[in-house]
Amino acid sequence: MLITPVLLCGGSGTRLWPLSRKSYPKQFVPLVGEETLFQASARRLSGAAAGLEFAAPVVLTNSDFRFIVAEQLQAVGIDPGAILIEPEGRNTAPAVLAAALRAHAEDPDAVLLVAPSDHVVPDVAAFHAAVARGLEAVAQGQLVTFGITPTHPETAYGYLELASGSNSDGAPVALKKFVEKPDLARATEMLDAGNFKWNAGIFLFRASDMIGAFRTHAPELMAPVEAAVETATPDLGFLRLNPEPWGQAEDISIDYAVMEKATNLSVVPFDAAWSDLGGWDAVWRESGPDADGVVTSGGATAIDCHNALLRSDSDQLELVGIGLENIIAVAMNDAVLVADSSRAQDVKKAVSALKEKGAAQATTFPKDHRPWGWFESLVVGDRFQVKRIHVHPGASLSLQSHVHRSEHWIVVEGTALVTIDDTEQLVSENQSVYIPLGAVHRMENPGKVPMVLIEVQTGTYLGEDDIVRYEDIYARGQGAKG
């Protein structure tokens, strides 16, 4: 049976700050292994295995992440079936309904597997086997969810109470009820009871059955989401949902809108390893601590430490821990987190505190990713800024001008094709060019290797929204990211 994966990747997790931020959340970061969580999720739901065949994935994301999604899929050789752009976040219920409506319009018998894009599932074969078992219930009109067998009394997850203990063969079991995130005492009780599973937030169903469930249990979502899908507009390789009706849809999760009310629910127990990496404590567990319970990565060194996570995500920053016990320390160029391991779930409080004081680090990632590459600020003053800009081979920035600043470009790697008003010139390594205030300009990378330049801006205002675009191969509008 052909299964269409639906990857949800519009969220912005805060519990893995400073590595995960609103402008570049954890699903796009290689937290465990070389691939990003999003890439690993897409690979897990691609190709054919264990009697399953996966169609090209449908991805739901927001406008800021659309090019990141396309680039990361391309990097692992996966062509998306569709990338649906949500005009604003409305939680998982509208997103799942939009995917179901679109799939049903193309194939009335479509089967969808909806999954977050930030989970870790080391045993892919076991996961495929669980999906195959779920298809039996789907064929009978059931909405299937997957319950993870708990390994410890976790308070950060919701739970699924099964109507009975799970079968040894892992066959689907009827769901008794959903359980909210518990306190430690209740989580311990549920672990001992044996008929509770962690709620993985992964769903398998026929599109027609899910649409029917929405009509029955959340009919108020049907009209706005249907209108947003039916009047969606193509944008390069993306499909933009209509913002006006989409904004009228309630902001609600699929659990609250449908799953907790539906009577045709089945749970497939999953006994293999799984994590949603919902905190630095989870990253510590999934990274394989050594005999002293220590995990180090990047430029991090541990001396006489125990049960600690030390991570440096900066090539220029060495992080050294001495005599640390039960400590999480994560260092980046612009922010450092130090926390007791038992307080891992409180990292989101740090983000709130930084927002209150107006710190850009609360939400903005040091590297600003764009469809042509990325840039990062190296030095910022009152009337000047120094950036490093990385442009992918064959990529091009928009033809643009600035009202408040001039720029000086020095190429340090590769070759840039630079347009300034009516002139074009090639600028090679160790060469520079000056962009006067108000000049219409563009930089391109005509080569087959990345091009890197240092940009020095001077002017009265240096914000990213001081851009007037005239032409853009990525069809972006005006504003900082378009």
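All values reported here derive from a predicted model rather than from experimental measurement. (Residues numbered from 1 in each chain as written. Predicted model: local features only at pLDDT ≥ 70, side-chain atom pairs only at ≥ 80, totals over all residues. Heavy atoms only, no water.)

K.L.:
Describe in detail the domain arrangement of the chain, supporting the description with residues and values.
P.N.:
Split into domains, the chain comes out as domain 1 (2-270), domain 2 (282-356) and domain 3 (367-471). At the interface, four residues of domain 1 touch four residues of domain 3. When the two sides are added together, the surface that domain 1 and domain 3 hide from each other amounts to roughly 360 Å², 63% of it contributed by carbon and sulfur. Considering only the side of domain 1, the residues that lose the most area to domain 3 are Tyr-24, Phe-67 and Glu-71, jointly responsible for 83% of the buried surface there. At the junction of domain 1 with domain 3, the criterion picks out zero salt bridges. Inspection of the region where domain 1 meets domain 3 yields one residue pair in polar contact (both at pLDDT 80 or more). Split into classes, the residues belonging to the side of domain 1 that touches domain 3 amount to three nonpolar, no polar and one charged. (Domains from an automatic or database assignment. Contact = heavy atoms within 4.5 Å. Buried area = accessible area lost by both parts, 1.4 Å probe. Salt bridge = Lys/Arg side-chain N within 4 Å of Asp/Glu carboxyl O. Polar contact = N/O pair within 3.5 Å; in protein donor to acceptor, adjacent residues only side chain to side chain. Nonpolar A, V, L, I, M, F, W, Y, C, P; charged D, E, K, R; others polar.)

K.L.:
Explain the sheet that holds strand β21 (residues 373-380) to me, and be specific about the residues and the numbers.
P.N.:
As summarised here, the arrangement of the six strands in space is β20-β21-β22-β29-β24-β27, forming an open sheet in which the pairing is antiparallel. Edge positions in the sheet fall to β20 (367-370) and β27 (432-435), since each of these pairs with one other strand and no more. Direction aside, the axes of adjacent strands within the sheet are offset by 20 degrees on average. Bridging between β20 and β21 involves four bridges; their strand directions are antiparallel. Note on β21: the bridge partner recorded for His-369 is Trp-374. (Pairing = 2+ DSSP bridges. Helix = DSSP H or I, 4+ residues; strand = E, 2+ residues; numbered from the N terminus. Axes fitted to C-alpha atoms, helices over the stretch in contact; angles between N-to-C directions.)

K.L.:
Please set out the packing of helix α1 (residues 37-44) against helix α2 (residues 66-75) residue by residue, giving values where relevant.
P.N.:
Where α1 meets α2, the axes come as close as 10 Å, and the angle between the chain directions of the two elements is 55 degrees. In terms of orientation, α1 and α2 fall into the oblique class. Here the hand of the crossing between α1 and α2 comes out right-handed. The segment α1 lies against α2, with Phe-38, Gln-39 and Ala-42 engaging Val-69, Gln-72, Leu-73 and Ala-75. Residue composition of the contact of α1 with α2, by class: five nonpolar, two polar and no charged. (Parallel < 35°, antiparallel > 145°, perpendicular 65-115°, else oblique. Left-handed = near helix turned anticlockwise from the far one by under 90°.)

K.L.:
Tell me what's going on with the UniProt feature "domain: MannoseP isomerase/GMP-like beta-helix" (unreviewed entry) in the chain, and back it up with residues and numbers.
P.N.:
Following the UniProt record, the feature "domain: MannoseP isomerase/GMP-like beta-helix" (unreviewed entry) maps to residues 302-354 here. In the segment residues 302-354, helix accounts for 15% and strand for 40%; the C-alpha atoms at its two ends are 28 Å apart. (UniProt positions renumbered as here; feature names shortened; annotations may be inferred.)

K.L.:
Could you give me a rundown of a nonpolar patch on the surface, with the residues and numbers involved?
P.N.:
Taken together, the side chains of Ile-303, Val-320 and Ile-322 define a hydrophobic patch exposed on the protein surface, amounting to about 280 Å² of accessible area. Relative to the helices and strands, Val-320 resides in strand β17 (residues 319-322). The partly exposed category is assigned to Val-320, whose relative accessible area is 48%. (Patch = residues over 30% accessible without salt bridge, like charges linked within 9 Å, V, L, I, M, F, W, Y side chains within 5 Å. Areas by Shrake-Rupley, 256 points an atom, 1.4 Å probe, with all protein chains shown as cover. Buried < 20%, exposed > 50% of the residue type's maximum accessible area, 1.4 Å probe, protein only.)

K.L.:
Please give an account of the nonpolar core that cites residues and values.
P.N.:
Among the nonpolar cores identified, the biggest contains 92 residues, and Ile-3, Leu-31, Leu-113, Phe-146, Leu-204 and Trp-280 are the most heavily contacted of them. For this core, the element with the highest residue contribution is helix α4 (residues 124-138), accounting for six residues. Core analysis: the second largest hydrophobic core is formed by 50 residues, Ala-98, Leu-160, Ala-232 and Ala-249 among them. (Core = buried A, V, L, I, M, F, W, Y, C linked by side-chain atoms within 4.5 Å.)

K.L.:
Which residues make up the sheet that holds strand β18 (residues 327-331), and what values go with them?
P.N.:
Judged by pairing direction, the sheet is mixed, and its four strands sit side by side in the order β14-β16-β18-β19 without closing on themselves. On the outer flanks of this sheet lie β14 (294-298) and β19 (336-340), each paired with one strand and no other. For this sheet, the mean inter-axis angle between neighbouring strands, taken without regard to orientation, is 5 degrees. Here β14 runs beside strand β16 (residues 308-312); their pairing, made up of five bridges, is parallel. Bridge pairing in β16 links Val-294 to Ala-308.

K.L.:
Describe the packing of helix α3 (residues 92-106) against helix α6 (residues 207-217), and please don't skip the residues or the numbers.
P.N.:
Interaxial distance between α3 and α6 falls to 9 Å at its minimum, and their mutual angle equals 130 degrees. It follows that α3 is oblique to α6 by the angle criterion. Our pair here, α3 against α6, has a crossing hand that is left-handed. Residue-level inspection shows Ala-93, Val-96, Leu-97, Ala-100, Leu-101 and His-104 of α3 in contact with α6, the latter providing Ala-207, Ser-208, Met-210, Ile-211 and Phe-214. Class assignment of the residues belonging to the contact of α3 with α6 gives a composition of nine nonpolar, two polar and no charged.

K.L.:
A description of the pairing of strand β1 (residues 2-8) should follow, citing residues and the corresponding values.
P.N.:
Of all the seven residues making up β1, six are buried; the element is thus mostly covered by neighbouring parts of the structure. Note that β1 and strand β3 (residues 52-54) share two bridges and pair parallel. Bridge pairing in β3 places Leu-2 opposite Glu-53. As defined by bridge partners, β1 adjoins strand β6 (residues 111-116) across six bridges and the pair is classed as parallel. The partner of Val-6 across the bridge, within β6, is Val-114. The sheet contact formed by β1 and strand β4 (residues 58-62) spans three bridges and is parallel. Bridge pairing in β4 links Val-6 to Val-58.

K.L.:
Got a sec to walk through the packing of aromatic side chains? Specific residues and values, please.
P.N.:
Centre distance and the angle of the planes are the two values used to describe a pair of aromatic rings. In total, this model carries 11 aromatic pairs according to the counting rule given. Seen in terms of ring centroids, Tyr-24 and Phe-28 are 6.1 Å apart; in terms of plane orientation they differ by 40 degrees. Their pairing is tilted. When its relative accessible area of 1% is taken as the criterion, Phe-28 is described as buried. Pairing Phe-67 with Phe-238 gives two aromatic rings, centres 5.3 Å apart and planes at 90 degrees, and the pair type is edge-to-face. Placement of Phe-67 in helix α2 and of Phe-238 in strand β12 (residues 238-240) is noted, with a sequence separation of 171 residues between them. Its relative accessible area of 13% is what places Phe-67 among the buried residues. Positioned over the ring face of Trp-374 is Lys-367, at 4.1 Å from the centre of the ring. In this arrangement the basic side chain of Lys-387 is found over the ring face of Phe-375, its NZ or CZ atom lying 4.0 Å from the centre. (Phe/Tyr/Trp six-rings, centres within 6.5 Å; stacked < 30°, edge-to-face > 60°. Lys NZ or Arg CZ within 6 Å of the ring centre and 35° of its normal.)

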